[in-house]
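A look at the structure
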2 protein chains.
Amino acid sequence: MSLKHAILGFLAVSPMSGYDLRKRMSESVAHFWPADQAQIYRTLSQLTEEKLIEVEVIEQDSRPNRRLHRILQTGETELDRWLAEPLAYQPDREPFLLRLFFVGRIGLDQSMRLLKERAAEAAELAEVLGAIRGQIEAEVPMEHLGLEQTLRLATLANGIKHAEAEIEWIDDLRQQLKERKWPT
Amino acid sequence: MSLKHAILGFLAVSPMSGYDLRKRMSESVAHFWPADQAQIYRTLSQLTEEKLIEVEVIEQDSRPNRRLHRILQTGETELDRWLAEPLAYQPDREPFLLRLFFVGRIGLDQSMRLLKERAAEAAELAEVLGAIRGQIEAEVPMEHLGLEQTLRLATLANGIKHAEAEIEWIDDLRQQLKERKWPT
DNA sequence: TTGACATATAGGATCTGTCCTATACAGTCA
DNA sequence: TGACTGTATAGGACAGATCCTATATGTCAA
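Residues numbered from 1 in each chain as written. Chains lettered and ligands numbered in written order. Predicted model: local features only at pLDDT ≥ 70, side-chain atom pairs only at ≥ 80, totals over all residues. Heavy atoms only, no water.

Here we come to the packing of helix H2 (residues 18–28) of chain B against helix H3 (residues 37–49) of chain B. All names here are of chain B. At a closest axis distance of 10 Å, the pairing of H2 and H3 adopts a crossing angle of 130°. Viewed along their axes, H2 and H3 adopt a mutual orientation that is oblique. You can see that H2 and H3 cross each other, and the crossing is right-handed. In contact with Gly18, Tyr19, Leu21, Arg22 and Met25 of H2, H3 contributes Gln37, Ile40, Tyr41 and Leu44. Grouping the constituent residues of the contact of H2 with H3 by class yields six nonpolar, two polar and one charged. (Axes fitted to C-alpha atoms, helices over the stretch in contact; angles between N-to-C directions. Helix = DSSP H or I, 4+ residues; strand = E, 2+ residues; numbered from the N terminus. Parallel < 35°, antiparallel > 145°, perpendicular 65-115°, else oblique. Left-handed = near helix turned anticlockwise from the far one by under 90°. Contact = heavy atoms within 4.5 Å. Nonpolar A, V, L, I, M, F, W, Y, C, P; charged D, E, K, R; others polar.)

Counting across every chain of the model gives 10 aromatic pairs over all chains. With a centroid separation of 6.3 Å and 55° between ring planes, the pair formed by A:Phe32 and B:Phe101 is classed as tilted. Highlighted residues: A:Phe32 in the loop between helix H2 (18–28) and helix H3 (37–49) and B:Phe101 in helix H5 (residues 95–103), drawn from two different chains. Ring centres of A:Phe101 and A:Phe102 lie 5.2 Å apart, and the angle between their planes is 80°; this geometry places the pair in the edge-to-face category. One aromatic cluster in this structure is built from A:Phe10, A:Phe32, B:Phe101 and B:Phe102. The ring centre of A:Trp82 lies 4.8 Å from the NZ or CZ of B:Arg99, which sits over that ring. (Phe/Tyr/Trp six-rings, centres within 6.5 Å; stacked < 30°, edge-to-face > 60°. Lys NZ or Arg CZ within 6 Å of the ring centre and 35° of its normal.)

With that out of the way, let us pick up the relation of the copies chain B and chain A. When chain B is brought onto chain A, the operation consists of a screw motion whose angular component is 180° and whose axial shift is 0.0 Å, with 0.1 Å RMSD remaining. Read as a symmetry element, the transformation amounts to a two-fold axis. A symmetric contact is evident, with 100% of the interface residues of chain B recurring at the interface of chain A. (Least-squares fit on C-alpha atoms with pLDDT ≥ 70 in both.)

Before going further, it helps to examine unusual backbone geometry. Residue and element names in this part refer to chain A. Of note in this structure, Lys51 is not a glycine but carries a positive phi near 60°. Tracing the backbone through its elements, the reader meets Lys51 in the loop between H3 and strand S1 (53–58). Take Lys51: its relative accessible area is 60%, and that puts it in the exposed class. (Buried < 20%, exposed > 50% of the residue type's maximum accessible area, 1.4 Å probe, protein only.)

Let's shift gears to the protein's contact with DNA strand C. Neighbouring DNA strand C are 23 residues; A:Tyr19, A:Tyr41, A:Arg42, A:Arg67 and B:Gln39 lie closest to it. Atoms of DNA strand C within 4 Å of the protein belong to the sugar or the phosphate in 64% of instances, the rest to bases. B:Gln39 has a polar side-chain atom sitting 3.1 Å from a base nitrogen of DNA strand C. Separating a base oxygen of DNA strand C from a side-chain N or O atom of B:Arg42 is a distance of 3.1 Å. Secondary structure elements with two or more residues in the surface near DNA strand C: H2, H3 and strand S2 (66–71) of chain A together with H3 of chain B. With four residues, the top contributor of residues to the surface near DNA strand C is H3(A). Looking at side-chain class alone, the surface near DNA strand C contains eight nonpolar, seven polar and eight charged residues. (Near = heavy atom within 4 Å. Polar contact = N/O pair within 3.5 Å; in protein donor to acceptor, adjacent residues only side chain to side chain.)

Glancing now at the protein's contact with DNA strand D. DNA strand D sits among 23 residues. The nearest are A:Gln39, B:Tyr19, B:Tyr41, B:Arg42 and B:Arg67. Taking all atoms of DNA strand D within 4 Å of the protein, the share assigned to sugar and phosphate is 65%. Between DNA strand D and B:Arg67 there is a distance of 2.7 Å, counted from a phosphate oxygen to a backbone nitrogen or oxygen. Contributions of two or more residues to the surface near DNA strand D are made by H3 of chain A together with H2, H3 and strand S2 (66–71) of chain B. Top contributing element to the surface near DNA strand D by residue count: H3(B), with four residues. Residues belonging to the surface near DNA strand D are distributed by class as follows: eight nonpolar, seven polar and eight charged.

This next bit is on the interface of chain B and chain A. Reports often express the size of an interface as the amount of accessible area lost when the parts come together. Between chain B and chain A, the contact holds 72 residues from the first and 72 residues from the second. Carbon and sulfur atoms supply 65% of the area buried between chain B and chain A, which totals about 7,300 Å² over both sides. When the buried surface of chain B facing chain A is broken down by residue, B:Arg99, B:Phe101 and B:Arg105 rank first, second and third, together holding 12% of it. Applying the counting criterion to the chain B and chain A interface returns eight salt bridges. Salt-bridge contacts for B:Arg105 lead to A:Asp80; the nearest nitrogen and oxygen are separated by 2.9 Å. Here chain B is connected to chain A by 29 residue pairs in polar contact (both at pLDDT 80 or more). (Buried area = accessible area lost by both parts, 1.4 Å probe. Salt bridge = Lys/Arg side-chain N within 4 Å of Asp/Glu carboxyl O.)

The values reported here are purely geometric and, on their own, carry no functional implication.
Here's what the structure looks like:
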């Protein structure tokens, strides 16, 4: 479970409510770590039970009370332990590749369509991530970024790089498919 | 649940036992769709209940009976429906990026180490996949491949492409980190 | 004024998948 | 002889995540 550590990581930057956390995550790590709202709250409860974080209840009249979560020393220790721990490589599930593996059975046209759609999605993703990166770079000049900011920005670059790789791979493949004629 | 469809896809090629299936999958789609043995058997039972596949029990003396699973018309229909269905893009979880996002807090050296290890893993993956591709290409000349074989080979190429992209991205990032001096 | 959106939390059901274990025997290698 | 690998299946416990729902109210725009 890495959501646990993601949360510790965010709370190490500043104390937050579950709501804040959700927003922050969807703005920064959502493209490689989508987080379910219910899961965030559940994990916060769990972390509190494990005494890795603590909660300060801030009374509010008009809304449910704000529960401000703050990381404890034990939590920081656990976070740092996790960061230094060896990371086992595990392949992730790619529904698209699974489909590509079998899509030949419904014909060349459908296969081409699948590839085209995928390329369009990758292009859109690259654009969205590129826009975010552009915005950040415009706001803060690269030379002023600290190590942490640089690495965070790098996760964006990673997404862009892979999106571009996907597009190139699709272009090659489509070219290859076009150049040949198969018996339908 | 795509394991269901992966299984239908394999059974559409030829009838198999759970054991065969497991072997086939680990030889072909494991790098983008790892499958747990227990899960395969459970899914086979489920597919049988749903009348998408049928089972023929082949008696064996020395071993548990072989349960040969065969796809039914309904199963092929479902498979083709799934293949043609629009594929929603969903980001997959990347534990490595999550770690990179936070690793700055334990220092430059540890961050570099994480990147180095990742690059080594990507290089190894590229090599393994490349070897498999090389072997296939040596056995069957490209010109003789049908559409389905070409697409299957393309899933390998996809893995290689992304591994290479990962390596390039890491090289860039490490260069960037080296050129700057941060206050530790 | 009606509906959408933001703030804020949380329970229930369910789904997928992982890990561990158990069973059973044949062949092979040291 | 004993340990390991291959063939073959399957149950139990559990983790992690998703989906849906419920609650409550303020603000802002159409």
